[in-house]
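Letter by letter, the chains look like this.
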Amino acid sequence: EEPVIRGIILFGPGSGEDFRYFVHDQAAQDAARVIGFGLLGYTNGGNMNFWSNNPVLIQGAVQAVLDAAAAASARPEISNAPLMITGLSAGAFDSSYLARNWPQRTIAFVPHRGNDFSNPVLSEEAKRVPGLFVAGSKDGNSLTEPYYMKTRFDSWRSQGGQVAFAVDWGVGHTPRGNQGW
């Protein structure tokens, strides 16, 4: 008998990328299996509506993906599973947008090399979603470099957000493989 999937980890890609391959990554599978979670990677094409910053659009798009995954895998529990999200660059922005716009469903987020275009006012629910902001010490992208990431972390923390900050030392914008993940 297969164990019940207790949650889903979403892997958000950078601009123009496809992170569906992470579902086949042995390290990611092993980590998810330990906590009873499934994996979903996606392509960066706007189909998840994260950048709309609109809770109705985001929740509807993500729910449609979860429902499709539940139907395709014959695992109905996926439709209502709690979500953890991590992402790189554009996917990092996705992770904070999901935490802010669907905090009732998001149990953790880990933005790698990106977070938000502004310092948004956080809802009480969003403040309770644990997050780990991960900057690359050699990241030269003006929207994701370490000091920019730190300002976003400081904004969340100053509002009572349950977030931490880490640095991937000696790593640029795109770590590749499992480094940093």
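For the structure itself, consult the block above.
Since the model is a prediction, treat every value here as computed from it, not as a measurement.

## A closer look at the overall build of the protein
In step 1: For the protein, the count of helices and strands is 5 helices and 6 strands.
In step 2: Of the regular secondary structure in the protein, the N- to C-terminal order runs β-α-β-α-β-α-β-α-β-α-β.
In step 3: Taking the principal axes of its C-alpha atoms as reference, the protein extends roughly 45 × 35 × 30 Å.
In step 4: Of the contacts formed within the protein by residues at least 6 apart in sequence, a portion of 64% connects residues at least 24 apart.
In step 5: With an accessible surface of roughly 8400 Å², the protein has 56% of that area assigned to carbon and sulfur atoms.
In step 6: Separation of charge centres in the protein, based on 14 positive and 16 negative side chains, amounts to 4 Å.

## Describing the packing of helix H2 (residues 55-73) against helix H3 (residues 90-101)
In step 1: Look at H2 against H3: their axes get within 10 Å of each other, and the N-to-C directions meet at 110 degrees. The pairing of H2 with H3 is recorded here as roughly perpendicular in orientation. Along the contact surface, H2 presents Pro 55, Ile 58, Gln 59 and Val 62, while H3 presents Tyr 97, Leu 98 and Asn 101.
In step 2: In terms of residue class, the contact of H2 with H3 is made up of 5 nonpolar, 2 polar and no charged.

## Quick word on the packing of aromatic side chains
In step 1: A complete count under the given rule lists 11 aromatic pairs for this structure.
In step 2: Between the aromatic rings of Phe 133 and Trp 156, the centroid separation amounts to 6.0 Å while the plane-to-plane angle is 70 degrees, which identifies the pairing as edge-to-face. A residue pair is termed long-range when its members are at least 10 positions apart, and Phe 133 in strand S5 (residues 131-136) and Trp 156 in helix H5 (residues 146-158) qualify at 23 residues.
In step 3: Look at Phe 153 and Phe 165: their rings are 5.6 Å apart centre to centre, the planes differ by 45 degrees, and that puts the pair in the tilted class. Of the two residues, Phe 153 is situated in helix H5 and Phe 165 in strand S6 (residues 163-168); the sequence distance between them amounts to 12 residues.
In step 4: Judged by relative accessible area, which is 9%, Phe 153 ranks as buried.
In step 5: Joined through ring pairs, the aromatic side chains of Phe 109, Phe 133, Phe 153, Trp 156 and Phe 165 make up one cluster.
In step 6: Arg 152 extends its terminal NZ or CZ atom over the ring of Tyr 148, reaching a point 4.1 Å from the ring centre.

## Concerning a nonpolar patch on the surface
In step 1: A contiguous nonpolar surface patch, about 290 Å² in accessible area, is contributed by Trp 51, Phe 117 and Leu 143.
In step 2: Here Trp 51 lies in the loop between strand S2 (37-41) and H2.

## A closer look at the nonpolar core
In step 1: In this structure, Ile 8, Phe 50, Val 62, Leu 98 and Phe 109 are the most contacted members of the largest nonpolar core, which totals 30 residues.
In step 2: Counting residues per element, the ones that place at least two in this core are strand S1 (7-12), H2, strand S3 (83-88), H3, S5 and H5.
In step 3: The element that contributes the greatest number of residues to this core is H2, accounting for 5 residues.
In step 4: In this structure Ile 8 touches Phe 37, Gly 38, Leu 40, Leu 66, Ile 78, Ala 81, Pro 82, Leu 83 and Met 84, once residues within four positions along its chain are discounted.

## Remarks on the sheet that holds S6
In step 1: With parallel pairing, the 6 strands of this open sheet are ordered in space as S2-S1-S3-S4-S5-S6. Whereas interior strands pair on both sides, the edge strands pair on one side only; in this sheet they are S2 and S6. Within the sheet, the average angular offset between the axes of one strand and its neighbour, ignoring direction, is 15 degrees.
In step 2: Bridge count for S1 against S3 is 5 bridges, and the pairing is parallel. Within S3, the position partnered with Ile 9 by the bridge is Met 84.
In step 3: Against the sheet, H2 touches S1, S2 and S3, its axis set at about 115 degrees to S2.
In step 4: Here H5 sits on the sheet and contacts strand S4 (106-112), S5 and S6; the angle it forms with S6, its principal contact strand, is near 170 degrees.

Reading the values: rules and limits
Residues numbered from 1 in each chain as written. Predicted model: local features only at pLDDT ≥ 70, side-chain atom pairs only at ≥ 80, totals over all residues. Heavy atoms only, no water. Helix = DSSP H or I, 4+ residues; strand = E, 2+ residues; numbered from the N terminus. Contact = heavy atoms within 4.5 Å. Areas by Shrake-Rupley, 256 points an atom, 1.4 Å probe, with all protein chains shown as cover. Lys, Arg positive; Asp, Glu negative; His and termini not counted. Charge placed at Lys NZ, Arg CZ, Asp CG, Glu CD. Axes fitted to C-alpha atoms, helices over the stretch in contact; angles between N-to-C directions. Parallel < 35°, antiparallel > 145°, perpendicular 65-115°, else oblique. Nonpolar A, V, L, I, M, F, W, Y, C, P; charged D, E, K, R; others polar. Phe/Tyr/Trp six-rings, centres within 6.5 Å; stacked < 30°, edge-to-face > 60°. Buried < 20%, exposed > 50% of the residue type's maximum accessible area, 1.4 Å probe, protein only. Lys NZ or Arg CZ within 6 Å of the ring centre and 35° of its normal. Patch = residues over 30% accessible without salt bridge, like charges linked within 9 Å, V, L, I, M, F, W, Y side chains within 5 Å. Salt bridge = Lys/Arg side-chain N within 4 Å of Asp/Glu carboxyl O. Core = buried A, V, L, I, M, F, W, Y, C linked by side-chain atoms within 4.5 Å. Pairing = 2+ DSSP bridges.

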